[in-house]
Amino acid sequence: MTSQLTDGSIPKIFKNEECVHPILQVTDLEETHSKNKDEETVRYRLKLSDGKFYLLATLNRQLNEMVINEEIKNFSFIKLLNYQKTVIKNTDFLLVSNLESVSTETAKIGEPTQFTNETEENEIEIEKEQEQEQEQEQETGKEQEQTTFKTQPLETGITLLRNLNTYNKNWKIKVRVTNKTEPKIYNKNGKQGQVMYVTLVDSNGDEMRATMFNDNVTKFNKVLQVSKCYYISGGMLKPADRRFSSIQSDYEINFNNYTTITLCTNTSDLPKEAYHYKKLSEIEKTQNGMKIDVLGIIAEVGELIEVKSRTGMQLKKRECILADQYMRISCNFWGEIAEKNTFPDNPVIILKGANVGEYLNKKNISASSSVRIILDPEINEAQEIRDWWYRGGGKKNQEQLGKTIGKSFSSNTNWIENDRDPLSNILNLNLGGGEKADYITSKVTITHILHDENNPVCYPSCTFENCTKKVTLQGSHWVGEKCNHRVQKPNYRYNPKIRLSDSSSSIYATAFNQICEDILGAKAEHIETLKQQGRNDEFNEIFNKAVPLEGLARIRITESEYEGKTFKRSILSSFKPITDYVLESKKLIQQINKISEN
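The structure presented is a predicted model; accordingly, all values stated were derived computationally and were not measured.

K.L.:
Can you walk me through helix α9 (residues 513-520) in this structure?
P.N.:
Think of an α-helix as 3.6 residues a turn; residues three or four steps apart then line up on the same face. For α9, a buried count of 6 out of 8 residues is recorded, marking the element as mostly surrounded by other parts of the structure. Phi for G521, located one or two positions after α9, is positive at around 70°.

Laid out in structure tokens, this is it:
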């Protein structure tokens, strides 16, 4: 087995001589832990031996999986594909960013000693004696190395992103800009500043985020353009905080006054985009609050709704279902990204920078304006999901999970699989009393819809696109109370109070436009016309026919304070009438079995 090791490779690596893809043995493997803010980082240190000497090394975090999967373990033979020698606390280290597992062995080869500066001096005398003999071998080796290096994508003097670290001060990278945020204004300690981020990808397909502040935003904003390629040198490297970026890099760059950026025209080796996404099944093990990239098909699209944040801001929200061959997960789109994207024809998408969350012990993801959406990416995995969907896999997936929903009650249906909560839990568990809204899923009966003079069922709303604010008649125009838009004639939208009842309690919940249209079978404009024309019998008949109605309700609960008193506010965010009683009976049996087990 000794013959497999690349003889004399450790001294060559130590002296920064050319040493192409040396095969070395792992003689010691150690797991280390470090903590950056709230995130704990696991890395692996090891000794790499050529049979005679060894050097200390540390693995890039992207190689951790190889250790976990036991592709790398003690006494393994590995081939170094990409590495860099550096000095950490006066000790020479190899930073290994790419390697291949050659074979697994059960014993250490030789008795290697650590190669240091002193070792190098002792080796000089030996090398002189063997100089003539090795000269021919070196010539042969150089020819082989030159042939090998012709296939390397790196230009001379270019450092790969995965080789950047805080110990390497002199570096130059060749990258493509794949994303750039708009400059963002912030205030800190009474001073105003601006910040901007760009995402960079190199020839190896690795990504890194770069940040710039204040004057450097002005300096580089027009220089850096998405899809363009650049040579970049200078800047400060710092450990990446995974809470604010999904990019799987150990470091990020702060552009400063020493940063130089030059346009690059030789771009054939740089990919147009980098894909490092998680499968939906991997989200279950991902820490809440982390940013990730994820791939899936939009299986269901919910209605655009408006919700109020804890700070009183009105927010647009669209709830969708993201699916692949193995899993479905709720995905919430917020703000402008929710308004602009209706996702027709079930596109396959990649979300870059989606946030992982959890509700009622079920994982979900959310996407706001900072998230990039890549529609129908041209990669094999996307085509596989697309083919699966059009072969009927999506329909089969829905039937198996019981998440199919009628078009008229279109909304996020992931909640249907939740355990049923009695309405009494709203008070018993003090739901809505925290910083965020709480949701429950309940089997309820709609027993009454308030529709008298003191409880109007609809309101006049703004007709501007994507605006649903209330308007009031002022002279000859209707004027928005909050948006200040002036319109000739308003739209009418539902917002009645609906009484929901089950065996434990009853509550009143506010319902909005689409849900009410589905329940009542009439548009708000028609209801308002009947009311204004005094056609009371027809008006009341619509409400009488609508109730009672049994169904599954998803209820959003918040807590508000008015004149020193605290009260609960409930919103009926989704409703699905029960039509499949066989399926619902099976669900009830499952719940009974759970109670029996406990």
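K.L.:
Whenever I open this one, the nonpolar core confuses me. Can you help?
P.N.:
Looking at soluble globular proteins, one finds that nonpolar side chains tend to be buried together. The biggest cluster of nonpolar side chains holds 39 residues, and the ones touching the most others in it are I449, L500, I555 and L572. If we skip the residues at most four places from it in the chain, L500 touches L423, V444, T445, I446, S505, S506, I507, A509, I555 and L572. If you look at the next biggest cluster of nonpolar residues, it comprises 23 residues, including I10, L55, I78 and L94.

K.L.:
So what exactly am I meant to see when it comes to the pattern of salt bridges here?
P.N.:
Side-chain pairing between opposite charges can occur once the charged atoms of the two side chains come close. Across all of its chains, the model carries 21 salt bridges by this definition. A salt bridge links E306 to K316; the nearest nitrogen and oxygen atoms lie 3.4 Å apart. Placement of E306 in strand β15 (residues 291-308) and of K316 in strand β16 (residues 314-323) is noted, with a sequence separation of 10 residues between them. Here E306 falls in the partly exposed class, since its relative accessible area comes to 25%. Of the charged contacts in the structure, one is a salt bridge between K317 and E319, with a shortest N-O distance of 3.9 Å. Owing to a relative accessible area of 4%, K317 belongs among the buried residues under this scheme. For E319, a relative accessible area of 4% puts it in the buried group. By sharing partners, the salt bridges in this structure join R43, R61 and D250 into a single network.

K.L.:
Mind showing me how you'd approach the side chain of Q84 here?
P.N.:
Tracing the backbone through its elements, the reader meets Q84 in strand β4 (residues 77-88). Judged by its relative accessible area of 19%, Q84 falls in the buried class.

K.L.:
Would you explain unusual backbone geometry in this entry?
P.N.:
Trans peptide bonds make up most of the peptide bonds, and negative phi angles are found at most residues other than glycine. For the bond running from V547 to P548, omega is -5°, close enough to zero to count as cis. Along the chain, the position of P548 falls in the loop between α11 (536-546) and β29 (549-562). Of note in this structure, F343 is not a glycine but carries a positive phi near 50°. Within the fold, F343 resides in the loop between α6 (336-340) and β18 (348-359). Although it is not a glycine, D345 adopts a positive phi angle of roughly 65°. In this structure, D345 sits in the loop between α6 and β18.

Rules used throughout
Residues numbered from 1 in each chain as written. Predicted model: local features only at pLDDT ≥ 70, side-chain atom pairs only at ≥ 80, totals over all residues. Heavy atoms only, no water. Buried < 20%, exposed > 50% of the residue type's maximum accessible area, 1.4 Å probe, protein only. Helix = DSSP H or I, 4+ residues; strand = E, 2+ residues; numbered from the N terminus. Core = buried A, V, L, I, M, F, W, Y, C linked by side-chain atoms within 4.5 Å. Contact = heavy atoms within 4.5 Å. Salt bridge = Lys/Arg side-chain N within 4 Å of Asp/Glu carboxyl O.

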